[in-house]
Amino acid sequence: MSDVALRLTGLTKTYLQGTPAEVQVLRGVDLELRAGEAVALVAPSGAGKSTLLHIAGLLDTPDQGTVEVAGQVASGTSDRKRTGIRRQDVGFVYQFHHLLPEFTALENIVLPQLANGASEAAAKDRAMQLLDRVGVAARAGHRPAALSGGEQQRVAFCRALANVPRVLLADEPTGNLDPGTSDQVFEALMSLVREAGLSALIATHNLDLAARMDRMVRLENGVLKPVG
Ligand code: ADP
């Protein structure tokens, strides 16, 4: 297994829109995320952080450049192959939980495992273990609307880890929470990441949280630069 969990090479992305006609968001982004490494992504608003995370997570395609996840080159392959890599090896967490409202917390973590071929019993076991790890096992039977913001995000972390991915990508995962809750929820995320030996790229505006990761990169003018 490759020691590099995520390799981004020469990524460019330009959006065509009204005025100005073109927005060149990424101008050659390179990044190597080693196995077990947690990297903070900091960027001014509008710099292209969500664009970068979506491309890295195979939810969008770059104009140029390649994305390699867990030794598999995803660029230039079929949608079906990319979906397979994403489902198996990438976990994604958004600023808002995006849990399915009509399903319970447990079901939200079970469903991606079923889609990936797990048995229902194994999927439920894993979901309960994950919920227990982040301290919300007692809320397993509740729908998202009955959970607090912090609990919703903890469940979203469990869902992202459900299929034992190699890479976790997170876009301001605690950006929607009050500062006290944000700190605890971030701690829960980091302990899941560390325990699983996951590689993580986590966008945050919060420099205290960023400092708890192994290193920091800044997206500015379409390229990534090391910080510090
Ligand atoms: P960030 O997450 O850093 O705030 P985004 O990646 O969301 O930045 O957006 C970067 C720039 O690209 C912004 O100027 C935004 O308006 C533009 N942009 C993002 N998505 C699209 C799109 N689908 N079509 C056109 N422009 C877009």
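Above this text is the structure in question.
Now for a quick tour of the structure. (Residues numbered from 1 in each chain as written. Predicted model: local features only at pLDDT ≥ 70, side-chain atom pairs only at ≥ 80, totals over all residues. Heavy atoms only, no water.)

## Quick notes on the packing of helix 4 (residues 120-133) against helix 5 (residues 149-161)
Point 1. Closest axis-to-axis distance for the helix 4/helix 5 pair is 9 Å, and the angle between their directions is 135 degrees. It follows from the interaxial angle that helix 4 and helix 5 lie oblique. As for the relative orientation of helix 4 and helix 5, their crossing is right-handed in sense. Listed contacts from helix 5 to Arg126, Leu130 and Leu131 of helix 4 are Val155, Cys158 and Leu161.
Point 2. Of the residues in the contact of helix 4 with helix 5, the class split is five nonpolar, no polar and one charged. (Axes fitted to C-alpha atoms, helices over the stretch in contact; angles between N-to-C directions. Helix = DSSP H or I, 4+ residues; strand = E, 2+ residues; numbered from the N terminus. Parallel < 35°, antiparallel > 145°, perpendicular 65-115°, else oblique. Left-handed = near helix turned anticlockwise from the far one by under 90°. Contact = heavy atoms within 4.5 Å. Nonpolar A, V, L, I, M, F, W, Y, C, P; charged D, E, K, R; others polar.)

## Some remarks on the environment of Arg27
Point 1. Counting through the fold element by element, Arg27 comes out in strand 2 (residues 22-34).
Point 2. By relative accessible area, which is 47% here, Arg27 ends up partly exposed.
Point 3. In this structure, the C-alpha to C-alpha distance between Arg27 and Ala211, residues 184 residues apart in sequence, is 26 Å.
Point 4. For Arg27, the contacting residues outside a window of four places in its chain are Leu11, Thr12, Asn221, Gly222 and Val223. (Buried < 20%, exposed > 50% of the residue type's maximum accessible area, 1.4 Å probe, protein only.)

## Focus on the site of the ligand
Point 1. Surrounding the ligand, one finds Tyr15, Gln17, Val25, Pro44, Ser45, Gly46, Ala47, Gly48, Lys49, Ser50 and Thr51.
Point 2. At 3.2 Å from an oxygen atom of the ligand is found a main-chain nitrogen or oxygen belonging to Ala47.
Point 3. Between an oxygen atom of the ligand and a side-chain N or O atom of Thr51, the distance comes to 2.6 Å.
Point 4. Look at the ligand: alone it shows 570 Å² of surface, and the protein chains cover 62% of it. (Near = heavy atom within 4 Å. Polar contact = N/O pair within 3.5 Å; in protein donor to acceptor, adjacent residues only side chain to side chain. Areas by Shrake-Rupley, 256 points an atom, 1.4 Å probe, with all protein chains shown as cover.)

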